[in-house]
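Structural characterization, general
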Amino acid sequence: MVGRLVQLQVVEHDHWATVAQQIQEDVLEIPAQRGPIYDRNGVPLAYDVPAYEIALDGYLLTKPELLISLLVRELGMSSEEAKDKVYRTAYFTWLARGVDYEVGQRIRAQAESLGIKGLLFFDSWKRAYPQGPLALAVLGVVGVDGNGLAGMELLFDEELSGRPRRIRLLRGPGGQIYDLWEEDPGAAGKPLHLTLDARIQWVCEREVARGMGTYPGAERGFALVMDPGTGEVLALAHGPTVDPARPDPALLHPWSVTHVFEPGSVFKALVGLAAFDQGVTAPEESFSGDSPILVQGAAVQNARGKSYGTITFRRAMAQSVNTVLVQVAQRLGTARTHAYLARMGFGEKTGIELPGEVNGILNPPEKWTELDLAVTSFGQGIAVTGIQLGAAFSALANGGTLFRPRLLPGPAEVRGQVASPDACRTMREVLRYAVNPDPNGDPSLGTAADVPGFGVAGKTGTAEMALPGRGYVADHVTTGMASFFPWDDPQYMVLVVYQTSTNPEFWSGSTAVPSVGEIVRGMAQLGIVRPYAPTTALGRSG
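In what follows, the accompanying structure is described.

At a minimum axis distance of 7 Å, the contact between helix α15 (residues 386-398) and helix α16 (residues 421-435) shows a crossing angle of 105 degrees. Relative to α16, the element α15 lies roughly perpendicular. Touching Phe 393, Ala 395, Leu 396 and Ala 397 of α15 are Cys 424, Met 427, Arg 428 and Leu 431, all from α16. A breakdown of the residues in the contact of α15 with α16 according to their chemical character gives seven nonpolar, no polar and one charged.

Written as structure tokens, this is what we have:
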């Protein structure tokens, strides 16, 4: 016995040390059950369902040709892909991950029936979206390795992921698997509750899809609904929609947060709010609405070059007269106009819980010219995100308090006061008139958003897009409408924006404005909102 020990420990030491080094231990990590995501009412938007991870032990493999046929038939692999995996010079190869549970069961049963050996089946989980593509641009998706790739799934990946299941493998000198065992069963991820209301989200997604299919040239759009009193995001719908089975990475970035645009005449309401707050104008004050107006030698025009003669500020908002807002901005001056826009949150991130948010563009006041001030008054020369615009209009709606827009429930976060309650109420009344004007006067550009009994107020906007090296291009257009209801005590802020790169006759009055009306009607049809005021035969509301 002593002699044998000497032989093993001394004479054959190097040989057995080499063998020991060749025996390897590997660890496989199988994603734990991921935490579900719910809307504000407990409706599941994403959760995990049982699935399989299927691997191949090449050392034990039998009947490879039958296995190739099985993979092609059940998993939809090409013959070349299946052959590459089956004949790979490795003792452990992942064949497929996140395999539907029923499909995995069929593969296991058929493999046993055909005498195919060498398959390894690991219980796992797969992400499912019970509402289909609903809110997928916000939710994001999960990769085959169980990690979030976009949206909330990415931002809250650590909380949702839990602790993975760990399986230890013991390999021989040739890589063959000697043994495997579960080292750690893992732990499920935590649930995530959102402020979204699945019903309102559905209404908005349906309307954006309808708009993109109806409005000639519409290439993308979004609809945002917020609670102006808290900053909670109730819906954030984007088009085109994302297919959860084959998600397009380009569509997984909610462009209302990750991209900027020039807001156009929607911005007039915010510049006008600053003017009311500073007392430099009033709703019934008269201005010249003639076009053009000269600023630093440049002719600033109204839409289609139309002149309106003498017109009140109220009517100028309803008719969206650029030249009147230029005069108002000139009274405010660069310093005050810029200060108000900064106070409203433009030029910096809102802090919404989505990855990829951008700052927008608000140049410092010392770089502004008189012409910059003029065009900013009607939303050109400044770049905003949809979520910034929605937060600013929510502040106008609630009496002047700017809240951080948020997708997670919790206490409201105040970011500042943008204007006085009196100034906000005056502008709300003007914006109500812009949707529901005097029936004996000229029609308003926002009339199509009016829904009897709901007191919708808002401002429309149409803006040409500027392209590098080309300046403003007539057929590249952004249209939008920012609105809220009921106008005298707003409970909801609704913002709709569309874009085209092919239609020079793309106007807010025939795109975003009717979409706002349809969203309000859709919410009413589902019983989410009810009329706030009695209606008359004329369809006017308070």
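This is not the end of the story, as more comes after the structure.
Our next topic: the nonpolar core. Across soluble globular proteins, nonpolar side chains have a tendency to be buried as a group. Core analysis: the largest hydrophobic core is formed by 86 residues, its most contacted members being Phe 346, Phe 393 and Met 427. Among the elements that line this core, the one with the most residues is α15, at eight residues. Those residues in contact with Phe 393 that lie beyond four places of it in its chain are Val 266, Ala 269, Leu 270, Leu 431, Lys 459, Ala 482, Phe 484 and Met 493. Counting 33 residues, the second largest nonpolar core, distinct from the first, contains Val 494, Val 513, Val 516 and Met 523.

Let us look at the side chain of Thr 258. Among the secondary structure elements, Thr 258 is positioned in helix α10 (residues 255-258). Judged by relative accessible area, Thr 258 falls into the buried class, the value being 12%. A polar contact of 2.8 Å, which involves the side chain of Thr 258, links it to the side chain of His 259.

Right, let's talk about the packing of helix α11 (residues 268-278) against helix α13 (residues 322-343) for a bit. Contact geometry of α11 with α13 gives a least axis separation of 9 Å together with a crossing angle of 70 degrees. In terms of orientation, α11 and α13 fall into the roughly perpendicular class. With respect to the hand of their crossing, α11 and α13 are arranged in left-handed fashion. Two secondary-structure elements touch here, α11 through Lys 268, Val 271, Gly 272, Ala 274, Ala 275, Asp 277 and Gln 278 and α13 through Asn 322, Leu 325, Val 328, Ala 329, Leu 332, Arg 336 and Tyr 340. Per-class residue counts for the contact of α11 with α13 are eight nonpolar, three polar and three charged.

The next point concerns α13. Over its 22 residues, α13 extends only 23 Å from the first C-alpha to the last, a length that falls short of the 32 Å expected when each residue adds 1.5 Å. The sharpest bend along α13 measures roughly 100 degrees and falls at Gly 333.

Take Asp 438: it is sitting in the loop between α16 and β17 (457-467). Considered as a pair, Asp 438 and Arg 315 are 123 residues apart in the sequence and their alpha carbons are 10.0 Å apart.

Thresholds applied
Residues numbered from 1 in each chain as written. Predicted model: local features only at pLDDT ≥ 70, side-chain atom pairs only at ≥ 80, totals over all residues. Heavy atoms only, no water. Axes fitted to C-alpha atoms, helices over the stretch in contact; angles between N-to-C directions. Helix = DSSP H or I, 4+ residues; strand = E, 2+ residues; numbered from the N terminus. Parallel < 35°, antiparallel > 145°, perpendicular 65-115°, else oblique. Contact = heavy atoms within 4.5 Å. Nonpolar A, V, L, I, M, F, W, Y, C, P; charged D, E, K, R; others polar. Core = buried A, V, L, I, M, F, W, Y, C linked by side-chain atoms within 4.5 Å. Buried < 20%, exposed > 50% of the residue type's maximum accessible area, 1.4 Å probe, protein only. Polar contact = N/O pair within 3.5 Å; in protein donor to acceptor, adjacent residues only side chain to side chain. Left-handed = near helix turned anticlockwise from the far one by under 90°. Expected span 1.5 Å × (residues − 1). Bend = angle between axes of the 7 residues up to and from the residue.

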